[in-house]
Amino acid sequence: MINVSAIQIPYKALLARLGYLQAKTKIDKKTEILIKENLDLAQKLIKPKAVLAFDNITVKNGIIELEDGFKIESSDITKLLDGCFKAYCIAVTIGQAIENKRNSFIDDKETFKALILDAAGSVAAEETISIAYRQIEDFEKKNGNVLTKRYSPGYGNWKLESQKDFLNWLGADKIGITLNDFFLMRPEKSVSALIGVKRQ
Amino acid sequence: MKKEQFLELLKTKVLIMDGATGTQLQAKKYLEDVVIPEELNIKFPERILDIHSSYANAGSDIILANTFGANSIRLKHHGLLDKADDIIKNGIDLVRQAAAGKDVIAAGDISSIGEYIQPLGNLSFDEAYKAFSFQAKLLQKHNADIIVIETMTEIKELKAAILAARDNFEGAIIAQMTFSQDGTTVTGNDLQSFIAMAESLGVDALGLNCSIGSKDLAELAKILRKNTNLPISFKPNAGVPVLINRETIFPETKEEFIKSSLEAYSSGINMFGGCCGTTPEFIKALSSELKNKAPVKTDSVSKFFLSTRVKAIDINEIKRPIVIGERINPTNRKKLQEELLNGIFASVKDEARSQAESGANLLDVNMGVPQADEVALLSQAVSQIQEIAAVPLCIDSSNPKALEEAVKNCAGRPLINSVNGEQAKLDSILPIAKRYGAALIALTTDDDGIPKTTEGRLAIAKKILENADKYGVPRKNIIFDYLVLSASSSPEQVTETLNAIKKSKELWPECKILLGVSNISFGLPSRQTINSTFLKMAVEAGLDFAIINPHENWNISDSFAKNLLENKDKGAVKYMEAFSSYKKPSSAAEEKGLPFDKQLYFAVLRGNKESVPGIVNNIVLENKDPFKSVNDAVLEALNIVGEKFASKEYFLPQIIMSAEAAQTAFVIIKKSIKKEENSSGKIIMATVKGDMHDIGKNIVCAVLESYGFDVIDMGINVDSQDIINKAEEIKPLAIGLSALMTTTMPEMEIAVKMRDKSGIHTPIIIGGAAVTKKYADEIGADFYAKDAMDTAKYVKQLTKNK
């Protein structure tokens, strides 16, 4: 159902992330070449991976309970998943190599290159989760179901600290995702999300 | 097992390899209580024996020992370096034990270090080579029959592994890479660049493993077969794994796997096995279909690849002349020499890009800068060019050390420029061509200079070939240059050169021919008319490669020039009549030299940091108050940059390019006038405690530095008390705090409170994705900066108020 191994980092999305406005920004040839060269480098450094789990859920009293007993406590998320009978938990990462390279550019005071790699990494992670989402969406559509938007720990009153249990339950360590002491994911360019499923 | 025996075996029958080891270990929960799978060899050998035995019983002819990651870097990382000998010895022994009397080939397994080599990562080529050599030596010591290098995704790492195996191991070497559906590895190497690299380094077989499932991989195997005559191995995974509900699921069935393997067999593949997700059942089925079958014979192919990291060109397929761009050469180019002495490669990269755009098939790279360390410079140039241009390189030097280092660091198969008939040259350069499998330009000159006759040049060519034979360089890798002399001074020599080309093609059709063309027109007007006309004549004579300026017009064929070149225009009288009044059109109206401070202004405005050192050095030489000149020009430019950013004409990358140019100017001027007091003031920057985000803060640092401020960057995840302590100590103009997340923003409030308590009055600026002006006001921060330029604007204001 899920295959994210061949993600291409979209150039336009990268420009947008860097603040490019089509109607106003005048990008000179040199800047364009340098951005594209570093985008090429970024493309070589990413290794997108995804891990997925799903289960039937019951939603009540501010708690989303999965059939195997795992619980998500957040009144905000409960509202958003109102009417859902199933939920997907997903985590994606593009790997550590791009961050390592970005950091070595920072150390070398190559801010421009660091900036492009960082932005390209963010766009790549976003692209990965978006493609995974669409793949789930296509799969569920066949069963006459629709998806909610995706929500991550830290959203609304879903505590960031829940990230730990969430990733554990999901088995995100299998694709190399771990948490630091501040509940931030490593590799940095990783995204986790909860997606609800309801009948159309 | 001797290499020849193995290769002989491959001629008679297909061989069955084993299936997955890693996923089998996972499935059987055999990875418990070990740090890495290789530790099993010494801690729980029975577990490895179990897996190997299951494959031996399933019919595997080749079993890969459990030495996948037993290179010195990885073993050291996991604290197992001192156990390396036992790990590898047991690894091989366990295959032999599992064979239990059956004919099983014990393959030493070598795979990726897990860290990229420069420029993708930080590992040097030599470090990687050393780590693989360590492993290959032990595989030799403990009698592995063959080595399989597998699951490689990066061409330089593959190169290091093959060289290490070849230098330290006597048996056959199979090199396998892992590809995506589009036929490239994750780092962008395509199938042909893989073949070019592996073949030129002398592997005995090559192949594909893991990747994308057997069906798609069988398609790639077919492409591989059409591009090489070497035996091929095929070891696909059971599809791309999906991690669902804490299970790793491989989507492919045994039946699908067998179907694709049979398809690969019919396209001429020689070795079959499986990778991740395959099991002994897969191998048993494979074995019952294919074991002992004769390989399917296919037509032999004739390829001559030169390659880069991402692609290869087949010289046999390219229309003549194959163009080698000559422009990356600092001879008689003072500005370029200065840049290179300062370690700046901007112009070199520009030349690489523009020549590739003008149609160069290869790029000559010469770094002969007087007083430079050519060994380092040539190697760096190769890396820099390969970062941006996907055109194979012709590495040009008279220094064998510089050549060897550059050829070693080249991600791909290059051309070496050059050797000649001098024995000392042959003895130093041919071994490099042999070791790296590079093609080699051979000039038909020797200690006595360029022979005047065709025969003289052919005699040197013959000597070069005899030496190539002696050093084991295949003759087809030799590309002769029969040398061009000026048609004005030696008109009779033109015919000798063209004759030598024709004769050479008759004598040694396997050897290709090259000329550096432009010398022909030396001393004559309208040089390009002669050059182009001559090139056409040389191509007709059989020329393959031309080293030329690809930006010039190569479509000229002129009858006056032809007469001259055919020595029918004695003294070039008619040619001179026709062309003496010719003036070369200037390529671009030369801009009148602007004053240096204006040049600096434009350099900062346009973000040309490479041109800044030269300009600032000139300002220092010429101006009475160089600091003021630099400061004024930079700030004036930054003001415009700021305006352009505000109007959204510039976006962040352009700001950073300008900031880097400005920073460069300040670093140089401060150093050259040795004045410390010229700083515009100190600013502390930090990402708050709990927040690990670096990049936004670094952008602000870069912009502030570009305005001449001294930025004290305290880093990420910085304790507020440390920040305030630092502020008390150094009394900065301001403190800049960055936080990217709502969860770490409260730390900003803590910092503000600590500052108030400490009694200092340093303004605190806050910024970051989730931070707002409202929040700044609420917590009592002095300023909310929406971006880096905003920060600079505020801080500049502070200096005025001071």
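Source: prediction; values computed, not measured.

(A) Highlighting the overall build of chain A. Along the backbone of chain A there are 6 helices and 8 strands. In sequence order, chain A lays out its α and β elements as α-α-β-β-β-α-β-α-α-β-α-β-β-β. Projected onto its principal axes, the C-alpha positions of chain A cover 55 × 35 × 30 Å. Residue burial in chain A is summarised as follows: out of 200 residues, 54% are buried. For chain A, the accessible surface area stands at approximately 9000 Å², while carbon and sulfur atoms represent 48% of it. Where the 30 positive side-chain charges of chain A centre and where its 26 negative ones centre are 5 Å apart.

(B) Molecular detail of the sheet that holds strand β19 (residues 512-516) of chain B. Residues and elements named next belong to chain B. Taken together, 8 strands build a closed barrel; the order of strands is β13-β14-β15-β16-β17-β18-β19-β20 and the barrel is parallel. Across the sheet, the mean angle from the axis of one strand to that of its neighbour is 30 degrees, orientation sign disregarded. Of the pairings in the sheet, the one linking strand β16 (residues 415-420) to strand β17 (residues 439-443) comprises 5 bridges and is parallel in character. Each bridged residue has a counterpart across the sheet, and for V419 the counterpart in β17 is A442. In this fold helix α15 (residues 374-388) packs onto β13 (322-328), β14 (362-366) and β15 (393-396), with an angle of close to 170 degrees to the strand it touches most, β15.

(C) Molecular detail of the interface of chain B and chain A. Residue-level contacts link 50 residues of chain B with 57 residues of chain A. Surface buried jointly by chain B and chain A totals about 4300 Å² across both partners, of which 59% is contributed by carbon and sulfur atoms. Among the residues of chain B in contact with chain A, B:L243, B:R246 and B:F651 are the three that bury the most area, contributing 16% of the side total. In this assembly, chain B and chain A are joined by 5 salt bridges. Residue A:D68 is joined to B:R246 by a salt bridge in which the shortest nitrogen-to-oxygen separation is 3.8 Å. Between the two partners, chain B and chain A, sit 18 residue pairs in polar contact (both at pLDDT 80 or more). If you list the elements that add at least two residues to the side of chain B that touches chain A, you get β8 (242-244), β9 (247-249), α14 (346-357), α15, α26 (652-673) and α27 (695-706) of chain B. For the side of chain B that touches chain A, the element with the most residues is α26(B), which contributes 7 residues. Residue composition of the side of chain B that touches chain A, grouped by class: 21 nonpolar, 16 polar and 13 charged.

(D) Fine view of the confidence of the model for chain B. Residue and element names in this part refer to chain B. The share of residues in chain B with pLDDT of 70 or more is 98%, and the mean pLDDT across the chain is 94. Predicted confidence for residues 587-592 stays below pLDDT 50, and this span has 0 contacts to residues more than four positions away or in other chains. The ipTM, which scores confidence in the relative placement of chains, is 0.92 for this predicted complex, and the corresponding pTM is 0.92.

(E) Structural context of helix α31 (residues 788-801) of chain B. Residues and elements named next belong to chain B. In this model, α31 (14 residues) spans 20 Å end to end at C-alpha, consistent with the 20 Å of a helix rising 1.5 Å per residue. Where α31 is concerned, the buried positions are A788, M789, D790, T791, A792, Y794, V795 and L798. Backbone nitrogen of M789 and a side-chain oxygen of the N-cap are separated by 3.1 Å at the start of α31; the cap is D787.

(F) Fine view of the environment of B:S267. Residues and elements named next belong to chain B. Mapped onto the fold, S267 is located in the loop between α11 (254-266) and β10 (271-272). Residues S267 and R225 lie 42 residues apart in sequence; the distance between their C-alpha atoms is 7.3 Å. Those residues within four positions of S267 in sequence are excluded, and the remaining contacts are K222, R225 and T298. Within polar-contact distance, the side chain of S267 engages the backbone oxygen of A264 at 2.8 Å.

(G) View of the environment of B:I149. All names here are of chain B. Counting through the fold element by element, I149 comes out in strand β4 (residues 146-152). Sequence separation of I149 and N801 is 652 residues, and the distance between their C-alpha atoms is 67 Å. Dropping the residues within four chain positions of it, I149 is found in contact with I110, L158, A161, I162, A165, I173, I174, A175 and Q176.

(H) Representation of the side chain of B:D364. Residue and element names in this part refer to chain B. Considering the arrangement of structural elements, one finds D364 in strand β14. Among buried Asp, Glu, Lys and Arg side chains, D364 stands out as unpaired, with R333 the closest opposite charge at 9.6 Å. At 3.0 Å, the side chain of D364 and the side chain of N417 are in polar contact. If we ignore the near neighbours within four places in the chain, the residues touching D364 are I324, G325, E326, I328, C394, D396 and N417.

(I) Geometry of the packing of aromatic side chains. Residues and elements named next belong to chain B. The full count for this structure, using the stated rule, is 15 aromatic pairs over all chains. For the pair F234 and F272, a centre-to-centre distance of 6.2 Å together with 70 degrees between the ring planes defines the contact as edge-to-face. Here the residue F234 occupies a position in strand β7 (residues 232-236), and F272 occupies one in strand β10, the gap between them amounting to 38 residues. With a centroid separation of 5.7 Å and an interplanar angle of 40 degrees, the aromatic rings of F480 and Y482 are classed as tilted. Residues F480 and Y482 agree in their burial class; the two are buried.

(J) Region of interest: the pairing of β16(B). Residues and elements named next belong to chain B. Buried residues dominate β16, accounting for 6 of its 6 residues. Pairing of β15 with β16, which is carried by 3 bridges, proceeds in the parallel orientation. Bridged to I395 within β16 is I416. Note on the crossover from β15 through helix α16 (residues 400-409) to β16: the handedness is right-handed. In terms of handedness, the path from β16 via helix α17 (residues 423-436) over to β17 forms a crossover that is right-handed.

(K) Up close: α27(B). All names here are of chain B. With 12 residues, α27 extends 16 Å from end C-alpha to end C-alpha; this agrees with the ideal 16 Å at 1.5 Å per step. The buried fraction of α27 amounts to 11 of the 12 residues, a majority that puts the element mostly inside the structure. Downstream of α27 by one or two residues, G708 has phi in the positive range, about 90 degrees.

(L) View of the environment of B:P451. Residue and element names in this part refer to chain B. Secondary-structure assignment places P451 in the loop between β17 and α18 (454-471). The class for P451 is buried, based on a relative accessible area of 17%. With 32 residues separating them in the primary sequence, P451 and L483 have C-alpha atoms 9.7 Å apart. With residues up to four places along the chain from it excluded, the contact list for P451 reads T444, T445, G456, R457, I460 and Q493.

(M) Quick look at the pattern of salt bridges. The tally for this structure, following the rule as stated, stands at 51 salt bridges over all chains. Measuring nitrogen to oxygen at the nearest pair gives 2.7 Å for the salt bridge that ties A:E99 to A:R186. Linking A:E99 in helix α4 (residues 97-107) with A:R186 in strand β7 (residues 185-186), this pair joins segments that are 87 residues apart in sequence. Given the relative accessible area of 2%, A:E99 is considered buried. Of the residues examined, A:R186 reaches a relative accessible area of 27% and is grouped as partly exposed. For B:D204, the salt bridge goes to B:K3, with nearest N and O atoms at 3.7 Å. With a gap of 201 residues between them, B:D204 in the loop between α9 (191-200) and β6 (205-210) and B:K3 in helix α1 (residues 3-12) connect regions that are remote in the sequence. The buried category is assigned to B:D204, whose relative accessible area is 9%.

(N) View of a positive patch on the surface. Together, A:K24, B:K648, B:K786 and B:K793 give the surface a local cluster of positive charge. Secondary-structure assignment places B:K793 in helix α31. Residue B:K793 is classed as exposed on the basis of its relative accessible area, which comes to 59%.

(O) Representation of the nonpolar core within the structure. B:I149, B:L158, B:I478, B:F480 and B:F534 are the most contacted members of the largest nonpolar core, which has 169 residues in total. Tallying contributions element by element places helix α8 (residues 155-168) of chain B first for this core, with 8 residues. Those residues in contact with B:F534 that lie beyond four places of it in its chain are B:V484, B:V494, B:L498, B:L515, B:V517, B:I520 and B:L565. Core analysis: the second largest hydrophobic core is formed by 99 residues, A:I116, A:A125, B:Y601 and B:A788 among them.

(P) Structural view of the sheet that holds strand β22 (residues 710-713) of chain B. Residue and element names in this part refer to chain B. The strand order β22-β21-β23-β24-β25 describes an open sheet built from 5 strands, whose pairing is parallel. Of all strands in the sheet, those bounded by a partner on one side alone are β22 and β25 (783-784). As judged from the 2 bridges shared by strand β24 (residues 764-767) and β25, these two strands associate in the parallel manner. Within β25, the position partnered with I766 by the bridge is Y784. Strand contacts of α27: β21 (682-687), β22 and β23 (734-738), with the helix running at about 170 degrees to β21, the strand carrying the most contacts.

About the cut-offs
Residues numbered from 1 in each chain as written. Chains lettered and ligands numbered in written order. Predicted model: local features only at pLDDT ≥ 70, side-chain atom pairs only at ≥ 80, totals over all residues. Heavy atoms only, no water. Helix = DSSP H or I, 4+ residues; strand = E, 2+ residues; numbered from the N terminus. Buried < 20%, exposed > 50% of the residue type's maximum accessible area, 1.4 Å probe, protein only. Areas by Shrake-Rupley, 256 points an atom, 1.4 Å probe, with all protein chains shown as cover. Lys, Arg positive; Asp, Glu negative; His and termini not counted. Charge placed at Lys NZ, Arg CZ, Asp CG, Glu CD. Pairing = 2+ DSSP bridges. Axes fitted to C-alpha atoms, helices over the stretch in contact; angles between N-to-C directions. Contact = heavy atoms within 4.5 Å. Buried area = accessible area lost by both parts, 1.4 Å probe. Salt bridge = Lys/Arg side-chain N within 4 Å of Asp/Glu carboxyl O. Polar contact = N/O pair within 3.5 Å; in protein donor to acceptor, adjacent residues only side chain to side chain. Nonpolar A, V, L, I, M, F, W, Y, C, P; charged D, E, K, R; others polar. pLDDT = per-residue confidence, 0-100. Expected span 1.5 Å × (residues − 1). Phe/Tyr/Trp six-rings, centres within 6.5 Å; stacked < 30°, edge-to-face > 60°. Right-handed = clockwise from strand over helix to strand, strands pointing away. Patch = residues over 30% accessible without salt bridge, like charges linked within 9 Å, V, L, I, M, F, W, Y side chains within 5 Å. Core = buried A, V, L, I, M, F, W, Y, C linked by side-chain atoms within 4.5 Å.

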